[in-house]
Amino acid sequence: MRILKLWHLLSLFLLGLPSASFAAVLAIDYGSDWIKASLMKPGVPFDVLLNKDSKRKIQSSVGWKRDDRLFGGDAFNMASRFPSDSFSSLKLLQAAPFDSEIVSYYTTISTADVVETVRHTAALKQSDGTEWSVEELIAMQLAYVKGLAESVAGEKVYDVILTVPAYFSQFERDAVADAIEIAGLRTLALINDGSAVAVNYAMTRTFPTPEYHIIYDAGASSIRATLVSFSTDSKTSTTQITVHGIGYDRGVGGTELDRRMREILADQFVAKHGKDIRKDKRGMAKLWKEAGRVKSILSANTEAMSNVESLAFDIDFRSKVSRAQFETACEDLKSRYVQPIINAMTNGKISSDKLVSVIFTGGSTRVPMIQAAVKALVGDDKIALNVNADEAAVLGAALHGASLSRQFKTKDIKLTDILVHDVQASYLAAPAAEGTKSRTITTSIFPAGSKVNSKKTLTFKRKEDFSIHFDYKTPVAPGFPTQLLEVEFTGVAEALGNLTERGATNNVVKATVQLSESGFISVTEAIATGDIKDDSLAGKFKGLFGGSSTGSIDEETASAGSETPIESDTSSSSASSSSSSSSSSTSSTPSKSPEPKVSLKELGTIKLNFTSHLPTITPMTVEEKKKARSRLRALDLEEAAKLRKEEARNTLESYLYRLRDLLDDDNKDTPFKKCSQWSERQALAEKMEETFSWLHEQGDDAETSVLLDKRVALETLERPIQHRYQEIEAFPQALNNSQMWNWSTRLFLTEARQNLTQEMEADLPSKWTKEELDGLEKALKEHETWLNIWVEKQKSVKSYEDPVIETTEMKARAKVLETHLQKLAKRRVPKPRKTKSKTSTSSTSTSASEPVVPTDEATEQEKVEQQVPVDGSEQIPLSQQSHPEELRDEL
């Protein structure tokens, strides 16, 4: 019901807007276990996309069955037969260093082979030796979802918004963006999954007073808690969503619970049968699937039976698992279930008494021991189950993406999100004297909790080229590096020299650092800037009141923490205010240089060159992405060709069976038998048997073109029979149409000639001349004569003989007569001559003497009175048609 209300609300905004100007927006919630997608497009109901099996979520798996690539549940189920060719839980490996802890963990839950890439990240290898990067495998899944969306939208889909965990580092976000690009999509935005759920929660609600809620997302890969506040402005009806704090645990989630359940089952197998199933890949893949099933059963029951036929070593496995046994195996995780909530509230500095509710989302929130732990912390009364645990994130992401596209008008919701990790900048200070060792200065740029979509400016008093290193204060995950970005600034000395020549003083270097809405950190601008003294009278007065005093920030001040970057929304209104900001230890974002004026010398600014590179985990290069895109395109083309071949083979085979049924039918009165000759049926039977034999022997190896040629050869033999049948079916309607226009034309001529005679006697203008009516009558007689002759000839034609008169020719000749008639019938009445005595008479006679012609504008009453078909599609009763008795019987 809430989805229906949401769609209704959204429809109100979309109505009346030109749909031609809209582009579709695809939202994807890419999880470790499941993918959910939603399409935002005018005319398409706002809901979750269905896969080809009409399921609302897709297994996050891709795999191969020999040469056939599979997606979703098909790929996941293939792991039990092809354990090295089925790849799942790929989200865990995004941008992960090959020697990191998460890669080692992945090898304990997956039967796939993990290898190292040239970028020192993880890749996966098929049984035939083919290696795929994680970005490529995820891109395949995104392209699959893209195809589903395009089949619904009826057009190409490019823009996508994708959910990511708030704790994802820039390394992982770069990997997501690379996968999106390889899939042929454009990144509209990346949105934190907790924030997406908050948008979905706010879409159908208003908040007269501010409310604090925690979005508790227990997913497969981790547990996240997002502390958000909701408030609605009563004047503008704008709803503001603000994220205050985030807590998370990467090591606890549905995947870890599945792993522990599989360990229980594996131990039972070893204890019962004395064989180590952990050495059997197929057996462990089967147990992984069974562990997920048993875990789901235990969420609603205290016991569950496990039953796997031929699990390993030709042994059928049967066992019982209790909920208590499972919870005992997970006892050490109990405190970790709620720690993200505690961390989120601590980071957001909100006490529990201000908390309205904890909103459950994510599949693992259905696990009883997780529910019990959260209830014990916040109380049973604060647990909220008022969003769809599986679909809230993707629906919220779709709504947010629609608002970002600037093509949709949705409910006005403002979202303010935050950064999870501390980001700092470090650089070498200028040496105090020659030969002395430079010291490293470190300053916090974006501390944890900084708002996204903001800019900060660093100011340096440097004379030579230098570099800045941007790092995470602590590792974002075990085994991940802290070095994030290195930026080198060049041309500093030359730019400062040019400023000095212009008379500038207090020359400094400023670098603008941006934290984008999607969580990416980058340097967007670097300038050398200084103050140029204004010697005019106005400038002296300005300096007298402190408007021209300037200062600078050196490395010592920065290291002490006084070089505090300012967000970009702090703008300066004039050159003097910008100069004043420069004098303090805090710098502001430089404003755009105003247009030069003759009476005033403005602040000098010179842009600097800078280059950025990633020193540790590098995203894919342009060439690498092109190569990956080419590999995926080659796969797509190969699969498309294979699909065309399968369709051609299946079509040919079904056509052969249909022909055999027609030929083997013992009933001699079937339309096929009545419209065909014995020799034709014999030729078809011989060709059919020959094709059947060829298909069974060579059909699997045949090219698509050969399969199509085989079908064309059969259709060529059948086409005359099919044509006769179609002509017999269409003949009555074509004859009826021709007779109708004959009758209508004759009726028109009768009345038109009467009117013409009356108008000539009354000396009134007429719509037609006698020659025009004679020409129409000539055309009518020619058509009647032709029709009568050939209809009589058609009477002697048998049903198995080719017709002597084609219905297409009948329609074409009738159309000629119709056009001739309509041309005269639609002609306007000429204006009467200006004679006083005959004006009223002319008006009366012309209005009363219109001949009746079948037109689309005729009223229903006129149709009844005239007994004339209006559009030519109604048939004259069969008793009035002059067609053969044989054809009438066929009907």
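In what follows, the accompanying structure is described. (Residues numbered from 1 in each chain as written. Predicted model: local features only at pLDDT ≥ 70, side-chain atom pairs only at ≥ 80, totals over all residues. Heavy atoms only, no water.)

Spatially, β18-β17-β12-β13-β14-β19 is the arrangement adopted by the six strands of the open sheet, whose pairing is mixed. Sheet topology places β18 (383-384) and β19 (413-416) at the edges, where each strand pairs with a single neighbour. Judged from the six bridges that link them, strand β12 (residues 211-218) and strand β17 (residues 355-361) form a sheet pairing that is parallel. Bridging across to β17, Y212 finds its partner in L355. This element, helix α11 (residues 368-378), spans β12, β17 and β18 of the sheet and lies at about 175 degrees to β17. (Pairing = 2+ DSSP bridges. Helix = DSSP H or I, 4+ residues; strand = E, 2+ residues; numbered from the N terminus. Contact = heavy atoms within 4.5 Å. Axes fitted to C-alpha atoms, helices over the stretch in contact; angles between N-to-C directions.)

Here we come to a negative patch on the surface. A contiguous patch of negative charge on the surface is contributed by D661, D664, D665, D666 and E689. What makes D661 exposed here is its relative accessible area of 55%. (Patch = residues over 30% accessible without salt bridge, like charges linked within 9 Å, V, L, I, M, F, W, Y side chains within 5 Å. Areas by Shrake-Rupley, 256 points an atom, 1.4 Å probe, with all protein chains shown as cover. Salt bridge = Lys/Arg side-chain N within 4 Å of Asp/Glu carboxyl O. Lys, Arg positive; Asp, Glu negative; His and termini not counted. Charge placed at Lys NZ, Arg CZ, Asp CG, Glu CD. Buried < 20%, exposed > 50% of the residue type's maximum accessible area, 1.4 Å probe, protein only.)

On inspection of all chains with the given rule, the structure shows seven cavities of 30 Å³ or more. If you add up the space inside the largest cavity, you get close to 180 Å³. Together, 13 residues line the largest cavity, and A79, S88, I109, S110 and W288 are the ones closest to its centre. Examining the composition of the lining of the largest cavity, we find that three residues originate from one element, helix α8 (residues 281-298), more than from any other. Residues belonging to the lining of the largest cavity are distributed by class as follows: six nonpolar, five polar and two charged. (1 Å grid on protein atoms, 1.4 Å probe; cavity = no way out; pocket = protein on both sides within 12 Å on 5 of 7 lines; lining within 4 Å. Points joined across faces, edges and corners; volume = space filled by probe spheres on them. Nonpolar A, V, L, I, M, F, W, Y, C, P; charged D, E, K, R; others polar.)

What follows deals with unusual backbone geometry. Peptide bonds are trans in most cases, and residues, glycine excluded, mostly fall at negative phi. The phi torsion at A95 lies on the positive side, around 60 degrees, for a residue other than glycine. Relative accessible area serves as the criterion here: at 4%, A95 is assigned to the buried category. Of note, the phi angle at F313 is positive, near 55 degrees, even though the residue is not glycine. By the secondary structure assignment, F313 is in the loop between β15 (303-312) and β16 (315-322).

Here we take up the side chain of D417. Here D417 shows up in the loop between β19 and β20 (423-428). Look at D417: it is buried, it has no salt bridge, and the nearest opposite charge is R173 at 7.3 Å. Polar side-chain contacts of D417 include one of 3.1 Å to the side chain of N192. Apart from the residues within four sequence positions on either side, D417 is in contact with N192, S195, V243, I246, S450, K451 and V452. (Polar contact = N/O pair within 3.5 Å; in protein donor to acceptor, adjacent residues only side chain to side chain.)

Close contact between helix α20 (residues 704-761) and helix α21 (residues 770-795) brings their axes to 10 Å; oriented N to C, the two are set at 155 degrees. Considering their axes alone, α20 and α21 lie roughly antiparallel with respect to each other. The crossing of α20 and α21 is left-handed. Counting all contacts with α20, which are made through F731, L735, S738, Q739, N742, T745, R746, F748, L749, A752, R753 and L756, the residues of α21 involved are K770, L773, D774, L776, E777, L780, H783, E784, L787, V791 and Q794. A per-class count over the contact of α20 with α21 returns 11 nonpolar, six polar and six charged. (Parallel < 35°, antiparallel > 145°, perpendicular 65-115°, else oblique. Left-handed = near helix turned anticlockwise from the far one by under 90°.)

Time to look at the pairing of strand β13 (residues 223-232). Most of β13 sits out of view: nine of its 10 residues are buried. Relative to β13, β12 is paired through eight bridges, and the arrangement is antiparallel. Its bridge partner lying in β13, Y212 is registered against S229. From the end of β12 to the start of β13, which pair antiparallel, there are four residues. Sheet analysis places β13 next to strand β14 (residues 239-249), joined by 10 bridges and oriented antiparallel. Bridge pairing in β14 places S231 opposite Q240.

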